[in-house]
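Next come the chains, spelled out residue by residue.
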Amino acid sequence: MSWDEMSPLLWEATGQTALMVVWSTLFTVLLGLPLGVALILTDRGGLLPSAPVNRVLGLVVNIGRSLPFIVLMIAVIPLTRLIVGTTIGTFAAVVPLTLGAAPFFARLVETALREVGRDTVQAAQAMGAGRWTIIGKVLLPEARSGLVAGLTVTVVALISYSAMAGVIGGGGLGDLAIRYGYQRFETTLMVVTVIVLIVIVQLVQTVGDAVARRLTRR
């Protein structure tokens, strides 16, 4: 296969991968960030300690993280059809991508928030700050570097997941590699697809690390 034949396929597949990753990242943050905050708040010594709630949340997160992504994609097919109306295509892949990444990101959020010194929280309480003020103006701002680092790791994982979404017709670079590289034995296209994925991951990691370092120095 010549470059003129590969180029349109690569551009289209890269665009589909970017679309999947961007939308699933957005929904992952919307689900995972509150879940991670809730894990910290309801933990022993938290602002809203509740052992039963914390155990339930922890169980939900652990179940979500324990399922291999390929199994999760198949298991949530009925939910995907209910939400999107189809189980094939780029937007259909966003549902399992989000459900697979949200628990993972929630744990990273929890870890980042745990790094905020208890003395900082106690000082805010001593000045009369309420729970939501502490969350919005103390915990999250103080943990912003760790949160960005966690988000970077999550986006890289989503890129990997999006490649696997090609197995169920999700489109993107994974689908391109399967249809042409594997099924049609187009080795050159397979190699180029791998290189494109590596470049995307390196760019995301480099930008994420740079932002995290900048926030750490502030």
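As annotated in an unreviewed UniProt entry, the protein chain is ABC transporter permease from Planobispora longispora. Word for word, the UniProt comment on the protein chain under Subcellular location (unreviewed entry) is "Cell membrane". Turning to the protein chain, the UniProt record has this under Sequence similarities (unreviewed entry): "Belongs to the binding-protein-dependent transport system permease family. CysTW subfamily."

Novice: Looking at this structure, how should I read the overall build of the protein chain?
Specialist: A tally of regular secondary structure across the protein chain gives ten helices and zero strands. The helix and strand sequence of the protein chain, counted from the amino end, reads α-α-α-α-α-α-α-α-α-α. Projected onto its principal axes, the C-alpha positions of the protein chain cover 70 × 40 × 25 Å. For the protein chain, the residues scored as buried account for 40% of the 218 residues in total. Partitioning the contacts of the protein chain with sequence separation of at least 6, the portion at a separation of at least 24 is 73%. Entry remark: accessible area of the protein chain is about 11,900 Å², with carbon and sulfur atoms responsible for 66%. When the 16 basic and 11 acidic side-chain charges of the protein chain are each reduced to a single mean position, those positions are 13 Å apart.

Novice: Is there a simple way to explain the side chain of Thr193 in this structure?
Specialist: Within the secondary structure, Thr193 is located in helix α10 (residues 187-217). Since its relative accessible area comes to 2%, Thr193 is described here as buried. When neighbours within four sequence positions are excluded, Thr193 is seen to be in contact with Leu10, Leu173, Leu176 and Ala177.

Novice: Looking at this structure, how should I read the pattern of salt bridges?
Specialist: Working definition: two side chains of opposite charge can pair if their charged atoms are close together. All chains considered together, the criterion is met by three salt bridges. A salt bridge links Arg107 to Glu110; the nearest nitrogen and oxygen atoms lie 2.6 Å apart. With a gap of three residues between them, Arg107 and Glu110 both fall in helix α5 (residues 90-114), about one helical turn apart. There is no split in this pair, since Arg107 and Glu110 are both buried.

Novice: Whenever I open this one, the packing of aromatic side chains confuses me. Can you help?
Specialist: Aromatic ring pairs are described here by two measures, namely the spacing of the ring centres and the angle between the planes. A full pass over the atoms with the stated rule returns two aromatic pairs. A centroid spacing of 5.9 Å and a plane angle of 25° characterise the contact between Trp23 and Phe27, whose relative ring orientation is stacked. Within this pair, Trp23 and its partner Phe27 are both found in helix α1 (residues 3-41), separated by four residues, close to a single helical turn. Judged by centre distance (4.6 Å) and plane angle (5°), the rings of Phe69 and Tyr161 are stacked.

Conventions we followed
- Residues numbered from 1 in each chain as written.
- Predicted model: local features only at pLDDT ≥ 70, side-chain atom pairs only at ≥ 80, totals over all residues.
- Heavy atoms only, no water.
- UniProt positions renumbered as here; feature names shortened; annotations may be inferred.
- Helix = DSSP H or I, 4+ residues; strand = E, 2+ residues; numbered from the N terminus.
- Buried < 20%, exposed > 50% of the residue type's maximum accessible area, 1.4 Å probe, protein only.
- Contact = heavy atoms within 4.5 Å.
- Areas by Shrake-Rupley, 256 points an atom, 1.4 Å probe, with all protein chains shown as cover.
- Lys, Arg positive; Asp, Glu negative; His and termini not counted.
- Charge placed at Lys NZ, Arg CZ, Asp CG, Glu CD.
- Salt bridge = Lys/Arg side-chain N within 4 Å of Asp/Glu carboxyl O.
- Phe/Tyr/Trp six-rings, centres within 6.5 Å; stacked < 30°, edge-to-face > 60°.

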